[in-house]
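# Residue-level structure breakdown
Below, each chain spelled out in residue letters.
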Amino acid sequence: YGKVPGYLQKIKHDIEEEYTFIRQMQEEEQNANAGNNMRCLSDAERTAMVEGLKAKWEKVNTDYQASTHITKLDTVGKVRRKE
């Protein structure tokens, strides 16, 4: 009594080997992709991106502000959106 059967120890060992193999594959993939995903933006690219984001934010904010102050709820869709 109190001993773990041999077949369970073998299965546990096999599972641990599989986890180790998977971890190694994930680490290799992360190391391979670590340097390829980033690059420095030029000043022109950075400025264009910031201006684009500001314009998009302004549009979204304007739409949000306009939709939250609707006082005339004359359609079912407007009532649902307001709730």
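Residues numbered from 1 in each chain as written. Predicted model: local features only at pLDDT ≥ 70, side-chain atom pairs only at ≥ 80, totals over all residues. Heavy atoms only, no water.

A tally of helices and strands in the chain yields 3 helices and 0 strands. Counting helices and strands in the order they occur from the N terminus, the chain gives α-α-α. Here the chain holds 83 residues, and the buried ones make up 0% of them. Here the chain has roughly 8,300 Å² of accessible surface; of this, 57% comes from carbon and sulfur atoms. (Helix = DSSP H or I, 4+ residues; strand = E, 2+ residues; numbered from the N terminus. Buried < 20%, exposed > 50% of the residue type's maximum accessible area, 1.4 Å probe, protein only. Areas by Shrake-Rupley, 256 points an atom, 1.4 Å probe, with all protein chains shown as cover.)

Moving on to the pattern of salt bridges. Inspection of the entire model under this criterion finds 3 salt bridges. Residue Asp-14 is joined to Lys-10 by a salt bridge in which the shortest nitrogen-to-oxygen separation is 3.5 Å. Placement of the pair is Asp-14 and Lys-10 together in helix H1 (residues 6-33), with a separation of 4 residues, close to one helical turn. Taking relative accessible area as the criterion, Lys-10 reaches 54% and is therefore assigned exposed. Between Asp-63 and Lys-59 there is a salt bridge, with the nearest N and O atoms lying 3.0 Å from each other. One end of the pair, Asp-63, and the other, Lys-59, are both in helix H2 (residues 43-68), 4 residues apart, so they sit about a helical turn from each other. Relative accessible area serves as the criterion here: at 42%, Asp-63 is assigned to the partly exposed category. (Salt bridge = Lys/Arg side-chain N within 4 Å of Asp/Glu carboxyl O.)

Here we take up a nonpolar patch on the surface. There is a patch of nonpolar side chains on the surface, built from Val-4, Tyr-7, Leu-8, Ile-11, Ile-15, Tyr-19, Phe-21, Ile-22 and Met-25 and spanning about 900 Å² of accessible area. In this fold, Tyr-7 is placed in helix H1. (Patch = residues over 30% accessible without salt bridge, like charges linked within 9 Å, V, L, I, M, F, W, Y side chains within 5 Å.)

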